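Structural overview for review
Each chain is listed here by its residues.
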Amino acid sequence: MEQDRSDRAAAQPLQVWLPPFVLKLLVFAAFAFVLFYAIVGAGAEELSRNQVWVIIAGLTGLLLLLGVDRLTNLRVSPGGVEATLREAKERALAEADALEDPELSDALETQILRSRNHDQVEAAMELATELNVGRVVERVKEAIREKRRIYVRYRSGGRSEVETFQAAPLDIKPGKTRATRINDYLWIYSYEHRHVLSLRLGRVLGVELSEETFDPSEIMKEWEEQEPEWNVPRQWRGGGRSSSRS
């Protein structure tokens, strides 16, 4: 995986690497001209003054080169200067590596490496998240229909560790509070925790169906006599009830 990533980075399109290279070359040429003028342009009688100018020009050129390298990778936001583009790509690539679907992971890595700014990196991540959510939803619906247990790979956010749950899939629907209603959640019964968990759908990295099945009546003992109003249709306890949202 690391070798493939290096190969793709080395094969970046011309329009990606050429503009920053030309800009740095121009700055270096200007720096060389200033040094040349400082050393030989004024004459031997002003050698001591020229030496001072050589030092100043050297420091200025060094700062310019560093500044160009940083400005080609930085974006200014209301909160201040953001992380370098390279760092943003590294974080995005780490998230791409964690995706369960290898085709989606490889496609996302290619888009990240071709990105020329933060917005393109974020757009690639948003598209990959949307595609991954679609695949997760289809697998969860299949597991619910067939009453099959699933293995869920989940990252709660940021750089937290990836967790794996063995679970019975229950439903996909928004959260219960005002703050969580704007997001969809995967509701599962976790066999490790022995209770129901809600996992934010956009942070689910992958779902794998198990050959083991589960008995909904064992999980639904806590729900008294009335079955919940399901969002994902299923044939549990005589069909149950389903909301109009799919």
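A brief report on the enclosed structure follows. What you see is a predicted model, and the numbers here were worked out from it, not measured in a lab. (Residues numbered from 1 in each chain as written. Predicted model: local features only at pLDDT ≥ 70, side-chain atom pairs only at ≥ 80, totals over all residues. Heavy atoms only, no water.)

**Brief notes about the sheet that holds strand β4 (residues 162–174)**
- One open sheet holds the 5 strands; their spatial order is β6-β5-β4-β3-β7, and the pairing between them is antiparallel. Each edge of the open sheet carries a strand with a single partner, namely β6 (195–200) and β7 (204–213). Ignoring strand direction, the axes of neighbouring strands in this sheet form an average angle of 45°.
- Examined bridge by bridge, strand β5 (residues 184–190) and β6 share 6 bridges and lie antiparallel to one another. The residue of β6 that forms the bridge with Tyr-185 is Arg-200.
- In the packing of helix α4 (residues 85–98) onto the sheet, contacts are made with β3 (148–155), β4 and β7, and the angle to β3 comes to roughly 170°.
- Those strands touched by helix α6 (residues 118–146) are β3, β4, β5 and β7, and its axis lies near 20° from that of β7. (Pairing = 2+ DSSP bridges. Helix = DSSP H or I, 4+ residues; strand = E, 2+ residues; numbered from the N terminus. Axes fitted to C-alpha atoms, helices over the stretch in contact; angles between N-to-C directions. Contact = heavy atoms within 4.5 Å.)

**Structural notes on the packing of α4 against helix α5 (residues 102–114)**
- Between α4 and α5, the shortest axis-to-axis distance is 9 Å and the interhelical angle comes to 170°. Between α4 and α5, the angle falls in the class roughly antiparallel. The residues of α5 that touch α4, namely those facing Lys-89, Ala-92, Leu-93, Ala-96 and Asp-97, are Ser-105, Leu-108, Glu-109, Ile-112 and Leu-113.
- A breakdown of the residues in the contact of α4 with α5 according to their chemical character gives 6 nonpolar, 1 polar and 3 charged. (Parallel < 35°, antiparallel > 145°, perpendicular 65-115°, else oblique. Nonpolar A, V, L, I, M, F, W, Y, C, P; charged D, E, K, R; others polar.)

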